[in-house]
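Residues per chain are reported as follows:
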Amino acid sequence: MSWHEHFRATLSLGLPIIGIHMAQMLTHTTDVVMLGWYGVDELAAGVLAAELFFVVYLVGAGFSHAIMPMIANALGAHDRRGVLHAVRMGGWVTVIYALASLPILLMAESLLLALGQQPHLASLAGDYMRIAAWGMLPSLLIAVFKSFLSALHRPAIALVATIVGALANAFCNYLLIFGHWGAPELGIRGAAIASVVTAFLTTALLIISVVKFREFHQYRLFARIWKANGKVLWEVTRLGFPISLTLLSEVGLFSAAKILMGWLGTIPLAAHGIVLQFLALSFMIPLGLSNAGTIRAGFSVGGGDRDGLIRGASAVIVLSMLASLFTVALYVAVPEHLVALFLNSTHAETDQIIAIGVTLFTIAAVFQVADALQVVFLGLLRGLKDTGVPMVIAMLSYWVIGMPVAYLLGFSFGQGAAGIWIGLAIALITAAAALFIRFLSRLSELKRQTLAPDAKLERQIR
């Protein structure tokens, strides 16, 4: 493939995946907005319960990320059975994990009370989770099917299903939270029911798509679904668990930063929350490109195409940097206007929040490219089935370097919100640099050996 073809292939795969991530964000935003319209307590309790659900979900989602390079490797080696076993065992691990996590989710009220949350909020969150917990299994199965469809370069199917799910979630929220059109007014429990209905609906749409389209019939995903392959099951677990810990490390870093900002007061926390919304939205672009990088790197390794691996990785890196530079320009050009979008100009605290927000946007502009590159290198390394060392790099960068620096600058040296964000910047820049070195090292290893299909895994599968 020429350079132009690599860029085109990356965009054709990456753009629908970016759309999937955006649609998922829309679903979460809809829940927050509608619960906010209903009541402050319901909103606070819903946020607490959603945070717990998301943490548990992230651990399980690591296994769906793991099957993406496995499927891509098998496709590159023209091994249909490899695709079948990767998806099937990914589904097995997902089902086992989802069932094992149910007791934790159903104990949400007790857990939140133990963490010092207010009793009435913990009670509301418990009401929500006793319903929402049953959506964990379909939510994780969605992740498995999305990995399968994306690896086969058909993410548009998953995008349509996700958009339909987001619309259904908004509709069910409108009916069941507020009791419109004759439906019962269920408040926070209505939001939980809407989430579960949406998860099952999206799962059903994905299963129907896989069954209906002939191009997927060759993989026979549901034939003798009870038949296990222990070695592939171990492969999914071995690759997936480090991915889960990596995801938790990064999400935990920003959650801890939120706690530190709360210690500074309501105004810094408000500014932090606003700026973080924009960062989360812009992060969906390199995240989608990172997923595309995982697939294309895995396909090149499976097919023994080292040149394709290097060119495909270069295309992902360049596109992510260009997207990041655009957001950097936006953050530098109009930061005060971006913060003001979330504020009422008549409130007394508005000017203070905008001032802090502008400072945070300036720091975000400094680490924006690094943030994009670290997630891209994580994706490329996953395509090479390298998840253990990247996990260690992430944990050291975020928690041994970044978080202590954030605390010291924010509190010991009195830099406040800016100091905390400088700590975040150092964490992400360190991770990007270390992951880049790791990726170069893996390329050097591949150069010293003949890049060939994963014969060992093929023998295990057969």
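Residues numbered from 1 in each chain as written. Predicted model: local features only at pLDDT ≥ 70, side-chain atom pairs only at ≥ 80, totals over all residues. Heavy atoms only, no water.

1. Considerations on the overall build of the chain
Item 1. Summing up its helical and strand segments, the chain has 16 helices and zero strands in all.
Item 2. On C-alpha atoms alone, the chain measures out to a radius of gyration of 22 Å, which is about the 23 Å that the 2.2 N^0.38 rule sets for 462 residues.
Item 3. Counting only C-alpha atoms and orienting by the principal axes, one finds that the chain spans roughly 65 × 50 × 40 Å.
Item 4. A buried classification covers 54% of the 462 residues belonging to the chain.
Item 5. Counting only contacts in the chain whose residues sit at least 6 apart along the sequence, the fraction spanning at least 24 positions is 82%.
Item 6. Side-chain charges of the chain comprise 28 positive and 22 negative groups, with the mean position of each set lying 18 Å from the other. (Helix = DSSP H or I, 4+ residues; strand = E, 2+ residues; numbered from the N terminus. Rg over C-alpha atoms; globule rule 2.2 N^0.38 Å. Buried < 20%, exposed > 50% of the residue type's maximum accessible area, 1.4 Å probe, protein only. Contact = heavy atoms within 4.5 Å. Lys, Arg positive; Asp, Glu negative; His and termini not counted. Charge placed at Lys NZ, Arg CZ, Asp CG, Glu CD.)

2. Some details on the nonpolar core
Item 1. In terms of nonpolar packing, the biggest core is built from 42 residues, with Ile71, Val83, Phe148 and Leu149 touching the most fellow members.
Item 2. Elements represented by at least two residues in this core include exactly α1 (3-38), α2 (40-76), α3 (80-106), α6 (136-151), α7 (155-178), α8 (188-212), α9 (230-264) and α10 (266-302).
Item 3. Ranked by the residues each element gives to this core, the list is headed by α2, at ten residues.
Item 4. Excluding residues within four positions of it along the chain, Phe148 makes contact with Ile71, Val83, Val87, Val210, Phe216, Tyr219 and Leu221.
Item 5. Counting residues in each nonpolar core, the second largest holds 37 residues, with Val328, Val339, Ile354 and Ile420 among its members. (Core = buried A, V, L, I, M, F, W, Y, C linked by side-chain atoms within 4.5 Å.)

3. Things to note about the packing of aromatic side chains
Item 1. The final tally for this structure, using the stated rule, is 13 aromatic pairs.
Item 2. Taken together, the ring pairs in this structure connect Phe148, Phe213 and Phe216 into an aromatic cluster.
Item 3. Sitting over the ring of Phe213, Arg154 keeps its end group 5.9 Å from the ring centre. (Phe/Tyr/Trp six-rings, centres within 6.5 Å; stacked < 30°, edge-to-face > 60°. Lys NZ or Arg CZ within 6 Å of the ring centre and 35° of its normal.)

4. Comments concerning the packing of helix α5 (residues 119-132) against α8
Item 1. Contact geometry for α5 and α8: axes closest at 8 Å, N-to-C directions at 25°. Regarding the angle of α5 to α8, the classification is roughly parallel. Handedness of the α5/α8 crossing: right-handed. Counting all contacts with α5, which are made through Leu124, Asp127, Tyr128, Ile131 and Ala132, the residues of α8 involved are Ile188, Arg189, Ala191, Ala192, Ile193, Ser195 and Val196.
Item 2. Considered class by class, the residues forming the contact of α5 with α8 number nine nonpolar, one polar and two charged. (Axes fitted to C-alpha atoms, helices over the stretch in contact; angles between N-to-C directions. Parallel < 35°, antiparallel > 145°, perpendicular 65-115°, else oblique. Left-handed = near helix turned anticlockwise from the far one by under 90°. Nonpolar A, V, L, I, M, F, W, Y, C, P; charged D, E, K, R; others polar.)

5. Comments concerning the side chain of Ser290
Item 1. Mapped onto the elements of the fold, Ser290 is located in helix α10.
Item 2. At a separation of 3.4 Å, a polar atom in the side chain of Ser290 contacts the main-chain amide nitrogen of Gly379.
Item 3. Aside from chain neighbours lying at most four places away, what touches Ser290 is Val375, Val376 and Gly379. (Polar contact = N/O pair within 3.5 Å; in protein donor to acceptor, adjacent residues only side chain to side chain.)

6. A look at α10
Item 1. Along its 37 residues, α10 runs 52 Å from first to last C-alpha, staying within 8% of the 54 Å computed at 1.5 Å per residue.
Item 2. Along α10, the largest kink reaches about 30° and is centred on Met284; proline Pro286 follows within four residues of it.
Item 3. Summarising burial for α10: 27 of the 37 residues are buried, a large majority.
Item 4. The first or second residue beyond α10 is Gly304, which carries a positive phi of 70°. (Expected span 1.5 Å × (residues − 1). Bend = angle between axes of the 7 residues up to and from the residue.)

7. Some thoughts on the side chain of Asp386
Item 1. By the secondary structure assignment, Asp386 is in the loop between α13 (350-383) and α14 (388-412).
Item 2. Judged by its relative accessible area of 7%, Asp386 falls in the buried class.

8. What about the pattern of salt bridges?
A side chain with one charge can pair with a side chain of the opposite charge if their charged atoms come near.
Item 1. Per the counting criterion, the structure on display carries nine salt bridges.
Item 2. Here Arg238 and Glu235 are joined by a salt bridge, their closest N and O atoms 3.2 Å apart. Taken together, the residues Arg238 and Glu235, both in helix α9 and three residues apart, mark about one turn of the helix.
Item 3. Accessibility expressed as a relative area gives 9% for Glu235, which makes it buried.
Item 4. Taking the shortest distance from any N to any O, the salt bridge between Glu235 and Lys385 comes out at 3.6 Å. Highlighted residues: Glu235 in helix α9 and Lys385 in the loop between α13 and α14, separated in sequence by 150 residues.
Item 5. One network of salt bridges, with partners in common, ties together Asp386, Arg438, Arg442 and Glu445. (Salt bridge = Lys/Arg side-chain N within 4 Å of Asp/Glu carboxyl O.)

9. Re α9
Item 1. Between the first and last C-alpha of α9 there are 51 Å, a value that for 35 residues agrees with the 51 Å anticipated at 1.5 Å per step.
Item 2. Note on α9: the residue one or two positions beyond its end, Gly265, has a positive phi of about 130°.

10. Here we look at a positive patch on the surface
Item 1. A surface patch of positive charge is lined by Arg81, Arg220, Arg224 and Lys227.
Item 2. Given the relative accessible area of 54%, Arg220 is considered exposed. (Patch = residues over 30% accessible without salt bridge, like charges linked within 9 Å, V, L, I, M, F, W, Y side chains within 5 Å. Areas by Shrake-Rupley, 256 points an atom, 1.4 Å probe, with all protein chains shown as cover.)

11. Focus on the confidence of the model for the chain
Item 1. Looking at the chain, pLDDT values average 85 and 95% of them are 70 or higher.
Item 2. Note that pLDDT drops below 50 for residues 454-462; the model gives that stretch 16 contacts with residues more than four away or on any other chain. (pLDDT = per-residue confidence, 0-100.)

12. Structural notes on a nonpolar patch on the surface
Item 1. Taken together, the side chains of Val392, Leu396, Trp399, Val400, Ile401, Ile422 and Ile426 present a nonpolar region at the surface, about 550 Å² in accessible area.
Item 2. Those elements that place two or more of their residues in the nonpolar patch are α14 and α15 (416-448).
Item 3. The leading source of residues in the nonpolar patch is α14, at five residues.

13. Looking at unusual backbone geometry
Item 1. The backbone of His153 shows a phi angle near 60°, a positive value even though the residue is not glycine.
Item 2. With respect to the helices and strands, the residue His153 is situated in the loop between α6 and α7.
Item 3. When its relative accessible area of 40% is taken as the criterion, His153 is described as partly exposed.
Item 4. With a phi close to 60°, Lys385 is a non-glycine residue in the positive phi region.

14. Considerations on the packing of α9 against α13
Helix packing for two helices is described by the angle between their axes and how far apart those axes are.
Item 1. In the contact formed by α9 and α13, the axes pass within 12 Å of each other and the chain directions differ by 165°. Considering their axes alone, α9 and α13 lie roughly antiparallel with respect to each other. Note on packing geometry: the crossing formed by α9 with α13 is left-handed. Only Leu360, Asp371, Gln374, Leu378 and Arg382 of α13 make contact with α9, whose side of the interface consists of Ile243, Thr246, Leu247, Glu250 and Met261.
Item 2. When grouped by side-chain class, the residues that make up the contact of α9 with α13 number five nonpolar, two polar and three charged.

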